Amino acid sequence: MTRSRTPGRGAYVCSFCGRGQDEVQRLIAGPGTVFICDECVALCSAIIAEESEQQAAAPRRSGPPGPTRLPTPRRLREKLDQYVVGQDRAKVVRLSGRL
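Owing to the predicted nature of the structure, the values given are computational and were not obtained by experimental measurement.

Peer 1: An account of unusual backbone geometry is needed here, citing residue identities and associated values.
Peer 2: Look at Gln87: it is not a glycine, yet its phi comes out positive at around 55 degrees. Topologically, Gln87 is positioned in the loop between helix 2 (73-83) and helix 3 (88-96). We classify Gln87 as exposed; its relative accessible area is 55%.

The following block contains the structure:
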């Protein structure tokens, strides 16, 4: 709904659910002609609380994100083969630690 005011009646409506001010307990005015009803506020609050609970229950990892183990030399070589054409000797020398 693009308009928050019903033409001709002067009644305001919730910008989210479209209920009129006579259908809800409270209609809160936002910037311009934006309004939100108490029921939509309660629904949003419940959604935020649920997401907060899920984040709190998620296991926390310490340290930077990413893999905890380094890939094997074979896996590194496979990755290099995907992006680097040729240069096989350079790939082997660098992976084995020889300069």
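Peer 1: So what's going on with the state of the cysteines? Residues and values would help.
Peer 2: A full pass over the atoms with the stated rule returns 0 disulfides. The thiol of Cys17 is not disulfide-bonded; the next cysteine sulfur, from Cys40, is found 3.7 Å away. Accessibility expressed as a relative area gives 34% for Cys17, which makes it partly exposed. Unpaired in this structure, Cys40 has its nearest cysteine sulfur neighbour in Cys37, at a distance of 3.6 Å.

Rules used in this analysis
- Throughout, residues of each chain are indexed from 1 in the direction in which the sequence is written.
- Local features are withheld for residues below a pLDDT of 70 in this predicted model, meaning they are given only at 70 or higher, and side-chain atom pairs are given and counted only at 80 or more; totals for whole chains, interfaces and linings count all residues.
- In computing side-chain properties, one takes all heavy atoms of the structure into account and sets aside hydrogens as well as water.
- Working definition: helices are DSSP H or I runs of at least four residues, strands are E runs of at least two. Numbering for both runs from the N terminus.
- Here the term buried applies to any residue with accessible area under 20% of the maximum for its type, exposed to any over 50%, and partly exposed to those in between, with areas from a 1.4 Å probe on protein chains only.
- Cysteine sulfur atoms that pair up within 2.5 Å are treated as a disulfide.

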